[in-house]
Every structure is written in structure tokens, then in C-alpha cells.
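The primary structure of each chain is shown beneath.
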Amino acid sequence: MGMSINPSKALIALVALICMTVLIAVGAIDQDQGLPIITMIVGYSVGNGMAALSNKPVEPIIRKKDKE
């Protein structure tokens, strides 16, 4: 089973994770505020990938390649 990646969603998730990590590291936001957002981003990414693997209709970050 081949996989393909949706680069735009993956890039958005990666940028969001980096931004939240930097904001927490420099003290611009508290860990109590930032960690739930990081958890949500990771959960969204994993959930989309798992739904794609089980053939549920989503526009995932990771998905099966279209048959040619």
C-alpha cells in the first residue's frame, strides 16, 4: 500500500508546532496555555492520517496514493 503526503497541511501543522514551541520557550505564553494547543495539532494530524488509512472521507496529511 503506497502513501502520499498532503504537503500544505503538513507544512501548516509543522509551522504551528514550531511557533507554539518557540512561544513557550521564550515565555510569551505559559506551558498551561501552549501544551493543549500542541496536543490538538498533533491529535489532528494523527487523526487525519488514521482516518485516511481506514478509508474514511478526509483530506488527510498522509493518505493512500491514487491508483493510476
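Residues numbered from 1 in each chain as written. Predicted model: local features only at pLDDT ≥ 70, side-chain atom pairs only at ≥ 80, totals over all residues. Heavy atoms only, no water.

S.K.: How would you summarise the overall build of the chain if you had to cite specific residues and measurements?
M.R.: A tally of regular secondary structure across the chain gives 2 helices and 2 strands. In the chain, which comprises 68 residues, the share counted as buried stands at 21%. Restricting to contacts in the chain with at least 6 residues of sequence separation, those with at least 24 account for 52%. Total accessible area on the chain is roughly 5,000 Å²; 67% of this is exposed by carbon and sulfur atoms. (Helix = DSSP H or I, 4+ residues; strand = E, 2+ residues; numbered from the N terminus. Buried < 20%, exposed > 50% of the residue type's maximum accessible area, 1.4 Å probe, protein only. Contact = heavy atoms within 4.5 Å. Areas by Shrake-Rupley, 256 points an atom, 1.4 Å probe, with all protein chains shown as cover.)

S.K.: Can you tell me about a nonpolar patch on the surface, naming the residues and giving the values?
M.R.: Taken together, the side chains of L11, L14, V15, I18, V22 and V26 make up a nonpolar region of the molecular surface, amounting to roughly 540 Å² of accessible area. By the secondary structure assignment, L11 is in helix α1 (residues 7-25). Take L11: its relative accessible area is 51%, and that puts it in the exposed class. (Patch = residues over 30% accessible without salt bridge, like charges linked within 9 Å, V, L, I, M, F, W, Y side chains within 5 Å. Salt bridge = Lys/Arg side-chain N within 4 Å of Asp/Glu carboxyl O.)

S.K.: Run through the nonpolar core, naming residues and quoting values.
M.R.: Ranked by size, the top nonpolar core spans 5 residues in total: A13, M20, I24, I38 and I41. Every element with two or more residues in this core is listed here: α1 and α2 (31-53). Not counting residues within four places of it along the chain, the set of residues in contact with I41 comprises A13, A16, L17 and M20. (Core = buried A, V, L, I, M, F, W, Y, C linked by side-chain atoms within 4.5 Å.)

All quantities given are derived from atomic positions and should not be read as evidence of function.
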